[in-house]
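# Analysis of the macromolecular model
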Amino acid sequence: MEADRMDENEWSYHGEGNKSLVVCHTQRCVVLRFLKFLPNRSKTAEEVYQHLQKILDFGKHVMKQFLGENYVHHGEVVKLPLDFLKPLCLRVQSERPESRCEKEMDVSGYAMCLPNLTRLQTFPFIEHRPIFCIEIKPKCGFIPTSPHITKEIKKKVCRFCMHQHLKVAKGKWKRISKYCPLDLFSGNKRRMHFALMSLLQESQNNLKVFKNGELIYGCRDDQEHQSDLNELAHHLKPFFFPTNGLVNGPQSTMNILKELIQVLTNTLLTTSADSGRSESFKSVPIPQSRNYCESGHVCTELLRINKHKIETAGLPKGSILYKTLQAQMLDMLDIEGLYPLYKRVEKYLEECPEERSTLLLDGPYDETFFEKLKDLSTDDNGSVEYAVTKIQQYRVAMTAKDCSIMIALSPTMQEDCYDQRSVIKTARSSFKYSVSILDLDLKPYESIPHQYKRDSKIVSHYLNHEEAAP
Ligand code: ATP
Ligand code: MG
Ligand code: MG
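Here the structure is a predicted model, which is why all the values come from computation and not from measurement. (Residues numbered from 1 in each chain as written. Chains lettered and ligands numbered in written order. Predicted model: local features only at pLDDT ≥ 70, side-chain atom pairs only at ≥ 80, totals over all residues. Heavy atoms only, no water.)

Taken together, 21 residues form the shell around ligand 1, and within it Asn18, Lys19, Ser20, Glu135 and Lys137 come nearest. Asn18 places a polar main-chain atom, nitrogen or oxygen, 2.7 Å from an oxygen atom of ligand 1. Within the backbone of Ser20, a nitrogen or oxygen atom sits 2.7 Å from an oxygen atom of ligand 1. Protein burial of ligand 1: of its 620 Å² of free accessible surface, 94% is covered by the chains. (Near = heavy atom within 4 Å. Polar contact = N/O pair within 3.5 Å; in protein donor to acceptor, adjacent residues only side chain to side chain. Areas by Shrake-Rupley, 256 points an atom, 1.4 Å probe, with all protein chains shown as cover.)

Below, the structure is given as structure tokens:
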């Protein structure tokens, strides 16, 4: 990226989350990801640079090892001139959803440059070949089994499903979603189908659809808006039924969505040959926890009939879901077991504040940091070192619970002689695809007390309001 030749008119608003705002280039397959801050909480250029560099190192040396070389793009930190940033910031302001405007785009001069993951990762320039991309934020896919858990309900109902009730009560969303991460991570095609259909019906901030790089579905600011699946199906129809222009109406919508779900399921279950170094990482020794959620909406009939199968089915090793779940499971103690360890470290730091850097709480996120994460033992010897290791594993797990999976798909003719490994086929259609993971920022050490409070709030709300009258 040549800083002196940057033209703000070549960039347009792409999207944002709670921590960053993303703009995409109109001709090249790249995006710039800026940090966001509350007004008057902005940081100096140097601080922003350091922070971005940490995000990069963490992606490169830690998350890539867990999730695999092919899935993770750590990007690069770029310096940008103010005469580019100021007008760009003004330009994107009008495109931003109101609910996100509490924070402001950082214009201190640095951003992360990343490939545009709504596009196929094989082309540097925007192609005219049609493409669509589904972004899924799957959230936590397992039920914890930690002996430190004090509320039995946490061993029966998953965090996402409990949290839904609080979110709806607070007015964040209008309706409870039937999506349950345990269905998506089950590896069982019928449960995955149910999960993906539920995400399509009530996408909240867990599903977005992009067509030719542009957001066409999901994450609407206006929560009154009933997601229009007919409109989505209309957009996607040419990808699945290119020659059949006549069928219309609900039947056709359902057929298109079923095709879409089948393609997504197949993509999520494919395995990648490459694999970071998670293979050298022992699987997290989670005692057999239940793999379905009591509040789940997946047809109880399906669960009953297939119970045996469901309990033995699983994700193929090497699939993106498997790898994500493995990283999530580094949260072995649950926040209830972790919080006392956080307090142990805090107490130690009160006595010896100069030790903070020796404990490597804030990085560097390098090979050594990664090596230390390998110690999966949960025998607490009372040491500060043990506490720090568990805290860092928890932070990695939190990142994996919050990331998004991007699946980009572009139709291809069966006879095109592409490398068949990167083609996904169903009975009717055939796509060239790429799968990636984004939003791999490390969760701050300081947010642990907040996580602890939030957990107990979610659980008490669920117990007080929902369990009695489901
Ligand atoms: P969260 O609130 O989930 O933590 P965040 O503030 O960390 O989000 P991101 O999730 O990284 O921000 O980015 C916001 C959105 O921008 C994503 O959900 C995705 O739609 C889009 N986006 C981010 N990075 C890319 C990329 N490399 N290519 C295409 N789109 C991207
Ligand atoms: Mg995000
Ligand atoms: Mg994030």
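We now examine the coordination of the magnesium ion (ligand 3). Donor atoms from the polypeptide that bind the magnesium ion (ligand 3) are Asp439 (OD) and Asp439 (OD), placed at 2.2 to 2.4 Å. The metal-metal distance between the magnesium ion (ligand 3) and the magnesium ion (ligand 2) comes to 4.1 Å, with Asp439 coordinating both. Relative to the elements of secondary structure, Asp439 occurs in the loop between β12 (430-438) and α14 (448-467). (Donors = N, O, S within 2.8 Å, 3.2 Å for Na, K, Ca; no water. Helix = DSSP H or I, 4+ residues; strand = E, 2+ residues; numbered from the N terminus.)

To continue, consider the pattern of salt bridges. In total, this model carries 21 salt bridges according to the counting rule given. Notably, a salt bridge pairs Glu351 with Lys347, separated by 3.9 Å at the nearest N-O pair. Separated by four residues within a single helix, Glu351 and Lys347 lie in helix α11 (residues 334-351), roughly one turn from each other. When sorted by exposure, Glu351 lands in the same class as Lys347, which is exposed. A salt bridge links Lys374 to Glu371; its shortest N-O distance comes to 3.4 Å. The class of Lys374 is partly exposed, set by a relative accessible area of 27%. Exposure remark for Glu371: the relative accessible area of 38% places this residue in the partly exposed category. (Salt bridge = Lys/Arg side-chain N within 4 Å of Asp/Glu carboxyl O. Buried < 20%, exposed > 50% of the residue type's maximum accessible area, 1.4 Å probe, protein only.)

In this section: a positive patch on the surface. A surface patch of like charges, here positive, comprises Lys170, Lys172, Arg454 and Lys457. Residue placement: Lys172 occurs in the loop between α3 (159-169) and α4 (181-184). (Patch = residues over 30% accessible without salt bridge, like charges linked within 9 Å, V, L, I, M, F, W, Y side chains within 5 Å. Lys, Arg positive; Asp, Glu negative; His and termini not counted. Charge placed at Lys NZ, Arg CZ, Asp CG, Glu CD.)

Here the protein chain averages 87 in pLDDT, and 85% of its residues register 70 or above. Model confidence for the complex is summarised by a pTM of 0.93, with the ipTM given as 0.99. (pLDDT = per-residue confidence, 0-100.)

Once that is clear, we can look at unusual backbone geometry. Cis rather than trans, the peptide bond between Gly363 and Pro364 has omega equal to 5°. By secondary structure assignment, the location of Pro364 is in the loop between α11 and α12 (367-372). Non-glycine residue Asn212 carries a positive phi angle of around 45°. Within the secondary structure layout, Asn212 lies in the loop between β8 (207-211) and β9 (214-217).

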